[in-house]
Amino acid sequence: MSIARQVASRSTCMRRNVGCVVVLGKRIVSTGYNGAPSGIRHCEEVGCLRQSEGIPSGERHELCRGLHAEQNAIIQAALYGVALEGGTLYCTHRPCALCTKMIINAGIKRVVFIEGYPDELAEDLVKESGLIMERVKNEIAG
């Protein structure tokens with residue numbers, strides 16, 4: 001989890017810094033943090049529409065110019081031809097519904113996180129899919 005926190009330090013989000021690490025067989029195979037797509041100006045430069053419109057966390061994700069840390073980790077793995085099936089995803093925050101769907105389809109079997117995230121649909125998807133979701137209270141997780 002300390003590596004996920006370190007990855008989160010690269011975040012360019014003005015609201016929340018999130019980091020993610022995907023592990024297969026005790027090896028880190030992908031990382032991601034929340035921020036704008038490659039070549040696109042970051043929210044730090046242009047401002048945050050969600051913040052200026054007062055949109056609460058867990059709602060209207062489509063209005064954000066950034067990608068979530070989990071999305072970036074999955075995309076990075078795909079970009080470099082790395083399969084994530086059977087892996088464990090360590091994330092500083094609980095994944096939202098969109099990220100949960102991507103995690104399920106990527107074949108990731110376990111998610112370990114520290115901070116909660118308000119998304120009832122994500123919780124329902126986890127229950128139905130059998131994805132193992134584990135909240136830890138400190139940075140030491142195995």
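In what follows, the accompanying structure is described.

Cut-offs used in this document
Residues numbered from 1 in each chain as written. Predicted model: local features only at pLDDT ≥ 70, side-chain atom pairs only at ≥ 80, totals over all residues. Heavy atoms only, no water. Axes fitted to C-alpha atoms, helices over the stretch in contact; angles between N-to-C directions. Helix = DSSP H or I, 4+ residues; strand = E, 2+ residues; numbered from the N terminus. Parallel < 35°, antiparallel > 145°, perpendicular 65-115°, else oblique. Left-handed = near helix turned anticlockwise from the far one by under 90°. Contact = heavy atoms within 4.5 Å. Nonpolar A, V, L, I, M, F, W, Y, C, P; charged D, E, K, R; others polar. Pairing = 2+ DSSP bridges. Patch = residues over 30% accessible without salt bridge, like charges linked within 9 Å, V, L, I, M, F, W, Y side chains within 5 Å. Areas by Shrake-Rupley, 256 points an atom, 1.4 Å probe, with all protein chains shown as cover. Salt bridge = Lys/Arg side-chain N within 4 Å of Asp/Glu carboxyl O. Lys, Arg positive; Asp, Glu negative; His and termini not counted. Charge placed at Lys NZ, Arg CZ, Asp CG, Glu CD. Buried < 20%, exposed > 50% of the residue type's maximum accessible area, 1.4 Å probe, protein only.

**Remarks on the packing of helix α4 (residues 69–79) against helix α5 (residues 97–106)**
Across the interface, α4 lies against α5 with an axial gap of 9 Å and an inter-helix angle of 30°. The angle between α4 and α5 falls in the class roughly parallel. Relative to α5, the crossing made by α4 is left-handed. When α4 is examined against α5, the residues Glu-70, Gln-71 and Ile-74 are found in contact with a partner set consisting of Leu-98, Cys-99, Met-102, Ile-103 and Ala-106. Taken together, the residues of the contact of α4 with α5 sort by class into six nonpolar, one polar and one charged.

**Observations regarding the sheet that holds strand β1 (residues 19–24)**
Strands sit in the order β2-β1-β3-β4-β5 across an open sheet of five strands; the sheet is mixed. Each of the sheet's edge strands pairs with one partner strand only, and the pair in question is β2 (27–33) and β5 (132–135). Across the sheet, the mean angle from the axis of one strand to that of its neighbour is 20°, orientation sign disregarded. Judged from the four bridges that link them, β1 and strand β3 (residues 88–93) form a sheet pairing that is antiparallel. Across the sheet, residue Val-21 finds its bridge partner in β3, namely Tyr-90. Against the sheet, α4 engages β1, β2 and β3, with an angle of about 130° to β2.

**A closer look at a negative patch on the surface**
Among the surface-exposed residues, Glu-120, Glu-123, Asp-124 and Glu-128 lie close enough to one another that they form a single negatively charged patch. Relative to the helices and strands, Glu-128 resides in helix α6 (residues 120–129). Taking the relative accessible area as the measure of exposure, Glu-128 reaches 71% and is therefore exposed.

**A word on the environment of Lys-26**
Along the chain, Lys-26 turns up in the loop between β1 and β2. Sequence spacing of Lys-26 and Ile-104 is 78 residues, and the spatial spacing of their C-alpha atoms is 20 Å.

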